[in-house]
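Spelled out from the first residue to the last, the chains are:
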Amino acid sequence: MNSFTWKAHGDRKITTTALNTRIEFQNNNEQVQQTAIHPKVIFERNYSGSHDEMLALKAFHDAHAPGGVLFYWTDEEGTQHTVRFATDSCEINQKYGLGDNGFGVQAYTTTLQFRKVWQ
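Residues numbered from 1 in each chain as written. Predicted model: local features only at pLDDT ≥ 70, side-chain atom pairs only at ≥ 80, totals over all residues. Heavy atoms only, no water.

Asks: Describe in detail the environment of Leu-70, supporting the description with residues and values.
Replies: Mapped onto the secondary structure, Leu-70 falls in the loop between helix H1 (51-64) and strand E6 (71-74). Those residues in contact with Leu-70 that lie beyond four places of it in its chain are Met-1, His-64, Thr-82, Val-83, Arg-84, Val-117 and Gln-119. (Helix = DSSP H or I, 4+ residues; strand = E, 2+ residues; numbered from the N terminus. Contact = heavy atoms within 4.5 Å.)

Here it is as structure tokens:
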């Protein structure tokens, strides 16, 4: 299994969703049934780098997103998770500004979401 090796920057977001089925009756009572042992956990991280670094990151995404291919990802605390990409697309953004050589691209950025796979 491959490892995702890029280092994130900026804010981090973790969304945990219990997987339940809810049925509401006409008398306003509700029945809740747990449909999975583990919750759905999504890690959202920001990445930036040179054009070549972002192309390599996008190539990794494009190789793993179809079919939800699993890979290892290590969070900021050093905990390794088995994950898959939570979305099928990877959008690279260009940040423009004034640099040493005048106006031009300062950085390339993207935001990725990883879905934890419980094993």
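So much for the structure itself; the text now carries on.
Asks: Can you tell me about the pattern of salt bridges, naming the residues and giving the values?
Replies: Here the structure, examined in full by the defined rule, presents five salt bridges. Between Arg-12 and Glu-76 there is a salt bridge; the shortest N-O distance is 3.5 Å. Of this pair, Arg-12 sits in strand E2 (residues 9-17) while Glu-76 sits in the loop between E6 and strand E7 (80-85), and the two are 64 residues apart along the sequence. Of the residues examined, Arg-12 reaches a relative accessible area of 46% and is grouped as partly exposed. In this structure, the salt-bridge partner of Glu-30 is Arg-22, at a minimum N-O distance of 3.4 Å. Here the residues in one salt-bridge network are Arg-12, Arg-45, Glu-76 and Glu-77, joined through shared partners. (Salt bridge = Lys/Arg side-chain N within 4 Å of Asp/Glu carboxyl O. Buried < 20%, exposed > 50% of the residue type's maximum accessible area, 1.4 Å probe, protein only.)

Asks: Break down the packing of aromatic side chains for me, with residues and values.
Replies: Within this structure, the stated rule accounts for 15 aromatic pairs. Measuring from centroid to centroid gives 4.9 Å for Phe-43 and Trp-73, while their planes differ by 50°, and the two rings are tilted. With Phe-43 in strand E5 (residues 40-49) and Trp-73 in strand E6, the pair connects residues that are 30 residues apart, well separated along the chain. For Phe-43, a relative accessible area of 5% gives the class buried. For Trp-73, a relative accessible area of 2% puts it in the buried group. The rings of Phe-4, Trp-6, Phe-43, Tyr-47, Phe-60, Phe-71, Trp-73, Phe-85 and Phe-114 are connected pair by pair, giving a single aromatic cluster. (Phe/Tyr/Trp six-rings, centres within 6.5 Å; stacked < 30°, edge-to-face > 60°.)

Asks: Please set out H1 residue by residue, giving values where relevant.
Replies: Here H1 spans 20 Å end to end across 14 residues, near enough to the 20 Å set by a 1.5 Å rise per residue. Taken residue by residue, H1 has Met-54, Leu-57, Phe-60, His-61 and His-64 as its buried positions. Down the axis of H1, the buried side of the element spans an arc of 115°, and every buried residue falls inside it. When the buried face of H1 is taken as reference, the exposed residues oriented beyond 90 degrees from it are Asp-52 and Ala-63. (Expected span 1.5 Å × (residues − 1). Arc of directions from axis to C-beta.)

Asks: How would you sum up the environment of Gln-113? Please name residues and give values.
Replies: Position of Gln-113 relative to the elements: it lies in strand E9 (residues 102-116). With relative accessibility at 24%, the residue Gln-113 sits in the partly exposed group. Expressed as a C-alpha distance, the spacing of Gln-113 and Arg-22, which sit 91 residues apart in the sequence, is 27 Å. In this structure, Gln-113 is in contact with Ile-42, Phe-43, Glu-44, Arg-84, Phe-85, Ala-86 and Thr-87, ignoring residues within four places of it in sequence.

Asks: Summarise the nonpolar core; cite the residues concerned and give the values.
Replies: Counting residues in hydrophobic clusters, the biggest one holds 15 residues, and the most contacted among them are Phe-4, Tyr-47, Phe-71, Trp-73, Leu-112 and Phe-114. When residues of this core are traced back to their parent elements, those giving at least two are E5, H1, E6, E7 and E9. Discounting chain neighbours no more than four positions away, the residues touching Leu-112 are Phe-4, Phe-43, Glu-44, Arg-45, Tyr-47, Leu-57, His-61, Phe-85 and Cys-90. (Core = buried A, V, L, I, M, F, W, Y, C linked by side-chain atoms within 4.5 Å.)

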